[in-house]
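# Secondary and tertiary structure notes
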Amino acid sequence: MTAHRLVAIVLALALAWPLAAAAQEPYPSRPITVVAPFPPGGVADLTARPVAAAMEKVLKSPVAVVNKTGAAGAVGMQFVATSKPDGYTLLLALSSISIIPEADKIFDRQPAFTVDQFVPIALISADPTILVVRAESPWKTAGELIDDARKRPGQISYSSSGIYGTLHMAMELLSHAAGIKLRHVPHAGAGPALTAILGGHVDALASGPAVVLPHIKSGKLRALAGWGDKRVAALPEIPTFKELGYSDAEFYIWAGLFAPRGTPEPVLARLREATRAAVAEPEFKSAMDKLQTPIAFKQGQEFQTFFDADARRLAAGVRKVGRVEDKK
Amino acid sequence: MLDTLGNLALGFSVALSPPILFYAFVGCVVGTLVGVLPGVGPLAGISLLLPATFGLDATRAIVMLAGIYYGAMYGGSTTSILMRIPGEAASVMTCIDGYAMARKGRGGAALAIAAVGSYVAGTASVVGLMLLAPPLAAFALRFGPPEYLALLLLGLFVLAYMSSGSMLKSLAMASLGLLLGMVGIDQMSGYFRFAYGRVELGDGLGVVPVAVGLFGVAEILATAGLAMPPQVVKPRLRELLPSRSEWRESAAPIGRGTVLGFLIGILPGSAHIIASFVSYALEKRLSKRPEQFGQGAVAGLAGPESANNSATSGAMVPMLALGVPSGPIPAVMLAAMMVHGVSPGPMLIQQQPELFWGFVASMYVGNVVLLILNLPLVGLFVNILRVPYPYLYPAILVFSMLGVYAVNGSVVDVWIMLVMGVLGWVLRKLDFETAPVVLGLVLAPMIELSLRQSLAMSDGDYAIFVSRPIAAVLLGAGLLLVLLNLISFVRRGLDWRARLALAEKGEETS
Amino acid sequence: MTAERVSGVALALLALAVLEECWRLGLPRGTLATPGPAYMPTVLALALLVAGVLVAALGRNAATLGDAGWREWRHTLAILATCVFVALALERLGYRLTMSLACAFLLAVVERKGLVPALLFSAGLAAGTYYLFDTLLRVQLPRGPFGL
């Protein structure tokens, strides 16, 4: 062998070695970013942080939560949809992931992202929404409220976190299932929506249980029914709308982990394994207990089925709501 | 009374224990830092440090986060006074008279007055929080959309008092600001307005990039190119503290600002910046020398600075008394409480007395810490002005762009800041005021939302504004103020004509 | 061609542009009882239109545009160009590189300070602020090529 060829072979090996090593490097080799598309202190954020902490333990690699807020979550979701599908950028999405593209479509807008741009990893939690009214109001059961709404269409008001938001869609699903018409007063977020009902400016509110539980316990608000499949653990005497006969009124504010479509299968498998282990971690369990959010872990086909059914319900709901302005 | 003292003693025993003291101190220092940095405000600071509190217990976490919150209000005035760059959105009003004072060589005095005013406001408002939290919170809850609209319309009216120059030009600027506030998603109907496909504009232009751009960047664009850099009179050591007359002038505005800021802060959904704007207008209205405003009036600095500090404590009233967030910052603090297993709600004060009273006591302590931190630093900060301007302004630009970027991690914010910077530069050249633009930007979405929410609540009936007592009273007060001012305006006009007529007659006969 | 006339006309034109945009976007105006998304923008644009016209018509200030003192426009343009560069390059070149280049440009070219002090100052400022934000405040600042 000539000296030239020897040098060439050595150089080739020297260059190829790190590349080969990188190709073999197990996932994850860099810190992972979980994007929470809502401001700090919100449901997505508070779920994302324990998940990230637990996954960090399982994967033995740093997992950081980054808040990318804006446009009711659209900014963060669009960011992950368009980022590199290498498994280092993940999204913790709420049920609004199915709502936002539908809303864009009915306004003839270029959707900020589509659900197909994501591949689901796992469902973490699914907060059933509950219907609350003020303690002084005359309705003691959901049935009474619905009957009253039938007699006085459009008179009973409710607040929400924003149009086409999760709290709005929950009420819309109920309205369609029960054939009633309620008066919607959108607010700028879940906090103002809660303030509105506490101040007596609206009659009803659909809310995640955790925020209203203290007010129910102190007697300011009364829970009437829930949108879940099963009764809420903290309020066992409150029936579900399913039990009352409105099986279409099923709504969860769920939080799930997603990755951009195109992420390689082995990476996805590793992530799914990691989330399964993460939700079993005792610290994670206690963190979720403190937040009074039940863990509802679903993966693979189960999650896919749940997600598809939920997305279909919500998309139909959004289309039924249509453009609010056109109905005036 | 005895109960309160007993509880306070409990609180102090918690607050003065070394670990709590340490976290309060850390919070105050970080808060001051965050406030000094342009653009990065208390919300950004608290959000960034929220994860760091997860390992602590509830009291420590809340104490630290609160320290960041009111610390930022102290720090925000520093860059506003020295360099006319708002440290955070609420400090915009301080940029006006505070900077003018600095130009006259009274920068140290301005910083000291701001620090003391913030201390008095912070402490007095904590007393209010401590004694009156539950009844005030219940009152605040009765402010629904119609009441808000009435209040905000009064706030719009305040714009008339902000102008030192031509009122017509200020109104034009206010209209511009109001119009800029219309960018973003319409929360009542879901339409994207004027966003041109950019999802980042969905929440509107953002008051931080606009304020930093209109005031800070515009200032640099205007002064950096001058042959002579801005003549800042460098004060001597003796002149660092306010003179006796300056102290006297600031006493009443501090008192008024405290009460005003506290009341505005209690209302869920109000912003600190509104408290400082209203305080500025009030001081100008009550001043015996209103023409001084804009040229370095002490009252124009002391009032707004106190107002935005007491608004901080005010904002915590609904949070602690009812478990209801009055804004994004209390929402993060509530979340911090929930994460630690403390369920916020109406029973918090009874069920968690150590938390509540420890927190209240830590706020007293924190305010003292901040006063001690800020006063000696006055000398240090004023020395920043000695840095040669060609080195200083690139540093300011770097900090401004960094701060604005850091809030949302979005380059779109930096672009907004630059566009607003150019606009602010042009407006300065053409002798227009920029403060009404910021006020309009903040008020417009709130006014529109309140109006449409009220009409949604009443199903299109405008009578809702008069059938609700608080709204009716506020609207009536507003109408009265408008009438009074119209009358004095007309009278002045008549006077002017009469004087002109006399002068002409005088000329004819002479 | 006083400054007031020009600015008044500019404001009025902006107001007209907003009105046109509302119409083009097809935003429904709704009624007085149920205002739509175009209601308030239309009202405000009309207010701006009136204000702009009044400023142009009643502008008593006889200063012309030139009087405002635009002599330093080249300097201002340079600063502005630097800022635009930063906005464009921030996420592509990474924070430290972008800021060092921008700051060095301002000091060395625009302010005509020496090249060495300019580079030292800029690099120091960029690194120092990066440390402050990324490490102490835990804000993620963009990293460019070479991990800068």
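Everything numeric here is computed off the predicted structure, so don't read it as measured data. (Residues numbered from 1 in each chain as written. Chains lettered and ligands numbered in written order. Predicted model: local features only at pLDDT ≥ 70, side-chain atom pairs only at ≥ 80, totals over all residues.)

### With respect to the interface of chain C and chain B
What counts is decided by this rule: Whether two residues are in contact is decided by their C-beta atoms, placed from the backbone, lying within 7 Å. In this classification, the charged set is Asp, Glu, Lys and Arg, the nonpolar set is Ala, Val, Leu, Ile, Met, Phe, Trp, Tyr, Cys and Pro, and all remaining amino acids, among them Gly, are polar.
Opposite the 49 residues of chain C that make contact, chain B presents 47 residues. Within the side of chain C that touches chain B, the residues separate by chemical class into 34 nonpolar, nine polar and six charged.

### Section: the pairing of strand β4 (residues 118-128) of chain A
Residue and element names in this part refer to chain A. The condition that has to hold: Between the buried cut of 20 or more and the exposed cut of 12 or fewer other C-beta atoms within 10 Å of a residue's own C-beta lies the partly exposed class, and all C-beta atoms are placed from the backbone. In this description a helix means any DSSP run of H or I spanning at least four residues, a strand means any run of E spanning at least two, and both kinds are numbered starting from the N terminus. Note on pairing: two strands pair once DSSP finds at least 2 bridges between them.
β4 sits mainly inside the fold: 10 of its 11 residues count as buried. Strand direction decides the pairing type here: β4 and strand β10 (residues 252-260), joined by nine bridges, are antiparallel. Bridge pairing links P120 to F258 in β10.

### Observations concerning the sheet that holds strand β7 (residues 183-186) of chain A
All names here are of chain A. Here is the rule: Lines fitted to the C-alpha atoms define the axes, with helices restricted to the stretch that makes contact. Angles between their N-to-C directions range from 0 to 180 degrees.
What the five strands build is an open sheet, ordered β7-β6-β8-β5-β9; its pairing is mixed. Edge positions in the sheet fall to β7 and β9 (221-226), since each has one partner strand and no second. Mean inter-strand twist for the sheet, computed between neighbouring axes without regard to direction, equals 30°. As judged from the four bridges shared by strand β6 (residues 157-160) and β7, these two strands associate in the parallel manner. Looking at β7, one finds that S159 is bridged to V185. Across the face of the sheet, helix α8 (residues 209-217) comes into contact with β5 (130-134), β8 (204-207) and β9 while running at roughly 135° to β9.

### Re the nonpolar core
Heads up, the rule is: Nonpolar core, as used here: buried Ala, Val, Leu, Ile, Met, Phe, Trp, Tyr and Cys residues forming one set through C-beta atoms within 7 Å.
With 338 residues, the main nonpolar core has V132 of chain A, I62, L65, A211, A336 and V438 of chain B together with C103 of chain C as its most contacted residues. A per-element tally of this core places helix α5 (residues 92-141) of chain B first, with 27 residues. Setting aside chain neighbours within four positions, we find A336 of chain B in contact with L50, T53, A61, I62 and L65 of chain B.

### Some thoughts on the interface of chain A and chain B
Taken together, the contacts link 44 residues of chain A with 47 residues of chain B. If you list the elements that add at least two residues to the side of chain A that touches chain B, you get α2 (43-59), α3 (74-81), β7, α7 (190-198) and α8 of chain A. Sort the elements by how many residues they give to the side of chain A that touches chain B and α7 of chain A lands first, with six residues.

### A word on the sheet that holds β4 of chain A
All names here are of chain A. Within the open sheet, the six strands sit side by side as β2-β1-β3-β10-β4-β11. Their pairing is mixed. Looking at strand neighbours, the two that pair on one side only are β2 (63-67) and β11 (295-299), the edges of this open sheet. Shown here is a sheet whose adjacent strand axes are inclined to one another by a mean of 25°, direction ignored. Bridge analysis of strand β3 (residues 89-94) against β10 gives four bridges, and the strand direction is antiparallel.

### A few points about the confidence of the model for chain C
Residue and element names in this part refer to chain C. As a reminder, the rule being used: pLDDT expresses, on a scale from 0 to 100, how confident the predictor is about each individual residue.
Per-residue confidence for chain C gives a mean pLDDT of 84; residues scoring 70 or more make up 91%. Here helix α5 (residues 115-136) is the element of chain C with the lowest mean pLDDT, 86, and helix α2 (residues 39-58) is the one with the highest, 90. Both scores are available for the predicted complex, with the pTM at 0.87 and the ipTM at 0.91.

### Overview of the domain arrangement of chain A
Residue and element names in this part refer to chain A. Convention followed: Domain ranges listed in this record stem from an automatic or a database domain assignment.
Domain boundaries assigned for chain A yield domain 1 (31-127 + 252-321) and domain 2 (130-250). The C-alpha-based centres of domain 1 and domain 2 are spaced at 25 Å. Every contact between the two is made by 20 residues of domain 1 and, on the other side, 16 residues of domain 2. Mapped by element, the contributors of at least two residues to the side of domain 1 that touches domain 2 are α4 (96-106), β10 and α11 (300-321).

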